[in-house]
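# Summary of structural features
Now for the letters of each chain:
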Amino acid sequence: MQYLLMIYAAESAEPAPGSDEFMQLIQEYGAFTEEVMAAGVYVGGEPLEPISTATTVRVRNNESLVTDGPFAETKEVLGGYYLLDCENLDQALKYAAKIPSAKYGSVEVRPIMQLPS
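Residues numbered from 1 in each chain as written. Predicted model: local features only at pLDDT ≥ 70, side-chain atom pairs only at ≥ 80, totals over all residues. Heavy atoms only, no water.

## Considerations on the overall build of the protein
Helix and strand content of the protein: two helices and six strands. Along the chain direction, N to C, the helices and strands of the protein fall in the order β-α-β-β-β-β-α-β. Along the first, second and third principal axes, the C-alpha atoms of the protein reach 45 × 45 × 20 Å. The 117 residues of the protein split such that 28% are buried. The long-range share in the protein, meaning contacts at least 24 apart out of those at least 6 apart in sequence, stands at 76%. (Helix = DSSP H or I, 4+ residues; strand = E, 2+ residues; numbered from the N terminus. Buried < 20%, exposed > 50% of the residue type's maximum accessible area, 1.4 Å probe, protein only. Contact = heavy atoms within 4.5 Å.)

## A look at helix α1 (residues 20-38)
Residue pairs three or four apart in sequence face the same way in an α-helix, which turns once every 3.6 residues. The first and last C-alpha atoms of α1 sit 27 Å apart over 19 residues, in line with the 27 Å expected at 1.5 Å per residue. Listing the buried residues of α1 in full gives Leu25, Tyr29, Phe32, Thr33 and Val36. Seen from one end, α1 has its buried residues packed into an arc of 100°, which puts them on one side. With respect to the buried face of α1, the exposed residues turned more than 90 degrees away are Asp20, Gln27, Glu34 and Ala38. Here the buried face of α1 lies against β1 (2-9), β2 (42-47), β5 (77-85) and α2 (89-98). (Expected span 1.5 Å × (residues − 1). Arc of directions from axis to C-beta.)

## Observations regarding the packing of aromatic side chains
With the rule as written, the count across this model stands at three aromatic pairs. Here a set of aromatic residues connected by ring pairs shows up, and it is made of Phe32, Tyr42, Tyr82 and Tyr95. (Phe/Tyr/Trp six-rings, centres within 6.5 Å; stacked < 30°, edge-to-face > 60°.)

## Notes on the side chain of Ser19
Among the secondary structure elements, Ser19 is positioned in the loop between β1 and α1. A distance of 2.7 Å separates a polar atom in the side chain of Ser19 from the backbone oxygen of Ala16. (Polar contact = N/O pair within 3.5 Å; in protein donor to acceptor, adjacent residues only side chain to side chain.)

## Some remarks on the sheet that holds strand β6 (residues 106-111)
The strand order across the open sheet built from four strands is β2-β5-β1-β6, with neighbouring strands paired in antiparallel fashion. The sheet terminates laterally at β2 and β6, the two strands that pair on one side only. Going from strand to strand, the sheet's axes swing by 20° on average, the running direction of each strand aside. Sheet topology note: the β1/β5 ladder contains eight bridges and is antiparallel. (Pairing = 2+ DSSP bridges. Axes fitted to C-alpha atoms, helices over the stretch in contact; angles between N-to-C directions.)

## A look at the nonpolar core
The tendency in soluble globular proteins is for nonpolar side chains to be buried as a group. By size, the foremost hydrophobic cluster in this structure holds 17 residues, and its most contacted members are Leu5, Tyr82, Leu84, Tyr95, Ile99 and Val109. With sequence-adjacent residues up to four places away left out, Leu84 is seen in contact with Met1, Gln2, Tyr3, Leu5, Val36, Val41, Tyr42, Val43 and Tyr95. (Core = buried A, V, L, I, M, F, W, Y, C linked by side-chain atoms within 4.5 Å.)

Just geometry here; none of it tells us what the structure is for.
Here's what the structure looks like:
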């Protein structure tokens, strides 16, 4: 079953880009990505640009409303994701705990809904 592992953290909580700590974090992500690829569970995953680049679209009364910024104002924001094909939720949770940013924020794990063909 496929699981989406959504990585949330306060942008101010993680190391600043270009710092030694940031470079260490990038190396940790590289090692994690290699691990899930070697295990054959990696389907996809990408980091997201900062929340300042977000645009939100809402449709009300058949009219699109476009606003700059995130969907909701929260302390922790979605910073990236992994899509993994795991045997079960327990396996997905074990991988979620290994995601480097879990030290700074949280990782939400949700199964992908299986729609009938």
